[in-house]
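# Architecture and fold: a report
Here is what each chain is made of, one letter per residue.
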Amino acid sequence: MSSIDLVILGILMEGPKSAYDIQKDVESHHFPRWTRISVPSVYKKVLQLREKGDLDSTLVKGERFAEKAVYSITPAGRAHFYQLMDHYAGQPVPLQFDFNVVITNLNKLPPEEARPLIHRLRESLRDGLQITAQYAAEYAQIPLVGRTVFDQQARLYEALLQWLEAFEAQFTEGG
């Protein structure tokens, strides 16, 4: 199972689109920011879903270009969409942060070299929080299900900043 399948099928639940339009939808919803999906992989995955029977395609004449394929979801694709929704809703939520490898290795450095790394991590988290706030303001008119992901991201950054403050205090005390 693949979360990219869920993204593409979800987009097509709204109506038929070309692969290019699906890619643009992925970009405009900022899916790569919070899930493992790359824009270049969309077209390949659309073709795989069509081969699997989850999508139908129809050739239509483009405005300025030659014919293009427009994809729509099939009944099998709808069933697959609901199956994926149920699957991902029931999965444990992995909280794996690459910065944890820095945290777990701080004790291998002298304190005067470790503290700047903690400060750098704090700045990275603050930057992430600021970028999330900017996106939330820029896309304030999107539906609740999109806005709430910005809220989730902001709360995670805030919680990580609080955690880092407590960790830094313990680390400084020599804990």
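Please refer to the structure placed before this passage.
First, a word on scope: everything that follows refers to the structure included in this document. This one's a predicted model, so the numbers in the text were calculated from it and none came from an experiment. (Residues numbered from 1 in each chain as written. Predicted model: local features only at pLDDT ≥ 70, side-chain atom pairs only at ≥ 80, totals over all residues. Heavy atoms only, no water.)

### A word on the environment of Phe31
What counts is decided by this rule: Runs of H or I in DSSP of at least four residues are treated as helices and runs of E of at least two as strands, each being numbered from the N terminus. Two residues form a contact once any of their heavy atoms are found within 4.5 Å.
Along the chain, the position of Phe31 falls in helix H3 (residues 31-34). Here the alpha-carbon distance between Phe31 and Ile4, two residues 27 residues apart in the chain, equals 9.5 Å. What Phe31 contacts, discounting residues up to four positions off in sequence, is Val7, Ile11, Asp25, Val26 and Ile37.

### Topic: the environment of Asp25
Here is the rule: Exposure classes here rest on a 1.4 Å probe applied to the protein chains alone. A residue is buried below 20% of its type maximum, exposed above 50%, and partly exposed in between.
Looking at the secondary structure, you find Asp25 in helix H2 (residues 19-28). When its relative accessible area of 10% is taken as the criterion, Asp25 is described as buried. C-alpha of Asp25 to C-alpha of Val7: the two residues are 18 residues apart in sequence and 9.8 Å apart in space. In this structure, Asp25 is in contact with Ile11, Glu14, Lys17 and Phe31, ignoring residues within four places of it in sequence.

### A few points about the nonpolar core
Filter applied, for reference: Nonpolar cores were defined as sets of buried Ala, Val, Leu, Ile, Met, Phe, Trp, Tyr and Cys residues, with membership established by side-chain atoms within 4.5 Å.
Core analysis: the largest hydrophobic core is formed by 20 residues, its most contacted members being Ile8 and Leu55. Of all the secondary structure elements, the ones that give two or more residues to this core are helix H1 (3-13), H2, helix H4 (41-52), strand S3 (67-73) and helix H5 (75-89). The element that contributes the greatest number of residues to this core is H1, accounting for seven residues. Setting aside chain neighbours within four positions, we find Leu55 in contact with Leu9, Leu12, Val46, Leu49, Arg50, Tyr71, Ser72, Ile73 and Thr74. Phe99, Leu106, Ile118 and Leu160 belong to the second-largest nonpolar core, a separate cluster that totals 13 residues.

### Points about the pairing of S3
Each regular strand carries side chains that alternate between the two faces of the sheet. What counts here: DSSP bridges decide pairing: two strands pair if at least two such bridges lie between them.
Of the pairings in the sheet, the one linking strand S1 (residues 17-18) to S3 comprises two bridges and is antiparallel in character. Counted as the bridge partner of Lys17 is Tyr71 from S3. Relative to S3, strand S2 (residues 55-61) runs antiparallel, the two being bridged by seven bridges. Opposite Lys61, over in S3, you have Glu67 as the bridge partner.

### Details of H1
Residue pairs spaced three or four apart in an α-helix point in one direction, given the helix's 3.6 residues per turn. Of all 11 residues in H1, eight are buried, a share of seventy percent or more. When we look at burial in H1, the residues that qualify are Ile4, Asp5, Leu6, Val7, Ile8, Leu9, Ile11 and Leu12. Immediately downstream of H1, the backbone of Gly15 shows phi near 150°, a positive value.

### Details of the packing of aromatic side chains
The condition is simple: The aromatic pairing rule takes the rings of Phe, Tyr and Trp, using the six-membered ring of Trp, and pairs them if the centres are within 6.5 Å, calling planes under 30 degrees apart stacked, those over 60 edge-to-face and the rest tilted.
According to the stated counting rule, one finds six aromatic pairs in the structure shown. Measuring from ring centre to ring centre gives 6.2 Å for Phe99 and Trp163, while their planes differ by 40°; the resulting arrangement is tilted. Taken together, the residues Phe99 in the loop between H5 and helix H6 (100-103) and Trp163 in helix H8 (residues 144-172) connect sequence positions 64 residues apart.

### Examining the environment of Glu27
Within the secondary structure, Glu27 sits in helix H2. As for Glu27 and Ser38, which are separated by 11 residues in sequence, their C-alpha atoms are 9.1 Å apart.

### With respect to the side chain of Asp5
For Asp5, the position within the fold is in helix H1. A relative accessible area of 7% places Asp5 in the buried class. Filtering out sequence-adjacent residues up to four positions away, Asp5 remains in contact with Lys45, Leu49, His80 and Leu84.

### Some details on the packing of H2 against H4
Let me state the cut-off plainly: Here an angle of 0 to 180 degrees is reported between the N-to-C directions of two axes, which are lines fitted to C-alpha atoms, with helices fitted over the stretch in contact. With respect to orientation, any angle under 35 degrees is reported as roughly parallel, any angle over 145 as roughly antiparallel, any angle of 65 to 115 as roughly perpendicular, and every other angle as oblique. The handedness criterion is simple: a crossing whose near helix is rotated anticlockwise from the far helix by less than a right angle is left-handed, and one whose near helix is rotated clockwise is right-handed. For this classification, Asp, Glu, Lys and Arg are treated as charged, while Ala, Val, Leu, Ile, Met, Phe, Trp, Tyr, Cys and Pro are nonpolar and the rest, including Gly, are polar.
Contact geometry for H2 and H4: axes closest at 9 Å, N-to-C directions at 130°. Here H4 runs oblique to H2, going by the angle between their axes. Every pair of crossing elements has a handedness; the one defined by H2 and H4 is right-handed. Contacts between H2 and H4 pair Ala19, Ile22, Gln23 and Val26 from the former with Val42, Tyr43 and Val46 from the latter. When grouped by side-chain class, the residues that make up the contact of H2 with H4 number six nonpolar, one polar and no charged.

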